[in-house]
Amino acid sequence: MASRYHSAMRLDPVSLRLFVAAMEEGAIARAAEREHLAASAASRRLADLEQQLGVALFARSNRGTEPTAAAYALLDLARGVLNELDGIATQMRGFGAGLRGHVRVAANISAITQFLPAQLQRFMARHPQVDVRLQEQISTAIARSVAENAADIGILAEGDYGERVTLLPYRSDELVLVLPAGHALARRRRVRLAEVLDHEFVGTHPGSAINAALARGAAEAGRPLKLRMQVTGFDALCLMVAAGLGLGVMPRGSALIYRSALGLRTLTLAEPWAQRRLMLCVRAQGELPGVARHLVAHLQDRAASSVQEKTCSGARPSSASSYEKHSFVSPATMLAKRPSPAAAP
């Protein structure tokens, strides 16, 4: 028993990073290249890791390697350990007064183009020793990244993403129809989706929340959705729309960035699904790192200020009923009371 315990203490970060890379890349050779190791050295390190853990992580055959069930279980644990080690290194560098550390954020393009630049600028100006690592993903991928400990905080479209993540209210946005200024519909101010389904559309990411909403809306109208092309960014979508290659649907705040420069018009979509909520997403079990809790509180404070401003200006506040179905409580209360993994039932 003492020998096995001593062996477990010899696990090193290099081998764990190599293991995570092998799982993410799907091949040991690509993982070795990513971690700047010779392929033979990488194979030897992974074999040593298996020996130390006393379990096979990869099933090897003439066709290559396949991760075992133990490998998938270790992946989440290894990501958590490496994230903590990175946090220690960051905080210890030039230790002094102020909040230190790093936080991994995965967000959809709607949040990135409408809200996050100003919010992150304010947060990082207040906490210059915090390293915020932001990655753009679609909402389903964001929920998966948070659940699998590849991200600390997610920002995504409201939806059902399972019991492994917890949703907190963030912001509201509105989807609008985008079209060239010379289009036959450009004089309109509002349209129903059914009125424009004869036209071709420029879509966003395959699997994105906006594409899914369009597809559901077309199905409810009993009409097909004519997607001429799909692009991965709102800038590309607006360029294609400006070139007359189709109509687009995107958040109003994002469309404002490109509207004047490209000569575009935005029309209100008279559809209930055009009014959306964006949510913060955290893991349902386990405690967030301290710096991540600070960022969640900052993002929520800005969201609360936004709601108050809209209410004071006469705009209709968001319905509370949808929030209630998620059993929302104060983020500070939720994060402070969340049990650690060891205490979880």
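Residues numbered from 1 in each chain as written. Predicted model: local features only at pLDDT ≥ 70, side-chain atom pairs only at ≥ 80, totals over all residues. Heavy atoms only, no water.

Draft legend 1. The overall build of the protein chain, seen in detail. The number of helices and strands found in the protein chain is 14 helices and 12 strands. Taken across its 345 residues, the protein chain has 44% of its residues classed as buried. Taken as a whole, the protein chain presents about 18100 Å² of accessible surface, with 54% of it coming from carbon and sulfur. (Helix = DSSP H or I, 4+ residues; strand = E, 2+ residues; numbered from the N terminus. Buried < 20%, exposed > 50% of the residue type's maximum accessible area, 1.4 Å probe, protein only. Areas by Shrake-Rupley, 256 points an atom, 1.4 Å probe, with all protein chains shown as cover.)

Draft legend 2. Here's a closer look at the pattern of salt bridges. Following the criterion strictly, the structure yields 17 salt bridges and no others. In this structure, the salt-bridge partner of Glu24 is Arg34, at a minimum N-O distance of 2.7 Å. With Glu24 in helix H2 (residues 13-25) and Arg34 in helix H3 (residues 28-34), this residue pair connects regions lying 10 residues apart in the sequence. Of the residues examined, Arg34 reaches a relative accessible area of 34% and is grouped as partly exposed. Between Glu148 and Arg79 there is a salt bridge whose closest N-O contact spans 3.6 Å. In this pair, Glu148 is assigned in the loop between helix H8 (139-147) and strand S5 (153-157) and Arg79 in helix H5 (residues 69-92), connecting sequence segments 69 residues apart. Under the relative-accessibility criterion, Arg79 is labelled buried at 11%. Linked by salt bridges that have partners in common, Glu24, Glu25, Arg34, Glu35, Arg79 and Glu148 make up one network. (Salt bridge = Lys/Arg side-chain N within 4 Å of Asp/Glu carboxyl O.)

Draft legend 3. How the structure looks around the packing of aromatic side chains. Going through the model one piece at a time under the given rule, you end up with 2 aromatic pairs. With centroids separated by 6.0 Å and ring planes inclined at 90°, the aromatic side chains of Phe115 and Tyr170 adopt a geometry described as edge-to-face. On the criterion of sequence distance, the pair formed by Phe115 in the loop between helix H6 (109-114) and helix H7 (116-126) and Tyr170 in strand S6 (residues 165-180) is long-range, its members being 55 residues apart. As far as the burial class goes, Phe115 and Tyr170 line up, both buried. (Phe/Tyr/Trp six-rings, centres within 6.5 Å; stacked < 30°, edge-to-face > 60°.)

Draft legend 4. Molecular detail of the pairing of strand S2 (residues 64-67). For strand S1 (residues 58-61) and S2, the ladder comprises 4 bridges, and the chain directions are antiparallel. Paired with Ser61 across the strands is Gly64, a residue of S2. Where S1 folds back on S2, the antiparallel hairpin that results is connected by 2 residues. (Pairing = 2+ DSSP bridges.)

Draft legend 5. Inspection of the nonpolar core at higher detail. By size, the foremost hydrophobic cluster in this structure holds 32 residues, and its most contacted members are Leu177, Val196, Phe201, Val249, Met250 and Trp273. Contributing elements (two or more residues each) for this core: S6, strand S8 (201-203), helix H9 (209-220), helix H10 (234-242), strand S10 (248-251), helix H11 (252-262) and strand S11 (264-269). The biggest single contributor to this core is S6, with 5 residues. Each residue touching Leu177, except ones within four places of it in the same chain, is listed here: Val191, Val196, Phe201, Leu247, Gly248, Val249, Arg265, Thr266, Leu267 and Leu269. Core analysis: the second largest hydrophobic core is formed by 24 residues, Ala107, Ile155, Val282 and Leu288 among them. (Core = buried A, V, L, I, M, F, W, Y, C linked by side-chain atoms within 4.5 Å. Contact = heavy atoms within 4.5 Å.)

Draft legend 6. Broad picture of the environment of Ala151. With respect to the element layout, Ala151 can be found in the loop between H8 and S5. Residue class for Ala151 comes out buried when judged on its relative accessible area of 3%. Considered as a pair, Ala151 and Ala107 are 44 residues apart in the sequence and their alpha carbons are 9.8 Å apart. Filtering out sequence-adjacent residues up to four positions away, Ala151 remains in contact with Arg104, Ala106, Ser145, Val146 and Arg283.

Draft legend 7. Examining unusual backbone geometry more closely. You will see that His36, though not glycine, has its phi angle at about 60°, which is positive. Tracing the backbone shows His36 in the loop between H3 and helix H4 (39-53). Residue His36 is classed as exposed on the basis of its relative accessible area, which comes to 73%.

Draft legend 8. Examining a nonpolar patch on the surface more closely. Nonpolar side chains collect at one region of the surface, where Leu11, Leu53 and Val55 lie side by side and expose about 180 Å² of accessible area between them. Structurally, the position occupied by Leu53 is in helix H4. With relative accessibility at 31%, the residue Leu53 sits in the partly exposed group. (Patch = residues over 30% accessible without salt bridge, like charges linked within 9 Å, V, L, I, M, F, W, Y side chains within 5 Å.)

Draft legend 9. Inspection of the side chain of Asn149 at higher detail. Position of Asn149 relative to the elements: it lies in the loop between H8 and S5. Other than its neighbours up to four places away in sequence, Asn149 contacts Asp76, Arg79, Gly80, Arg104 and Arg283.

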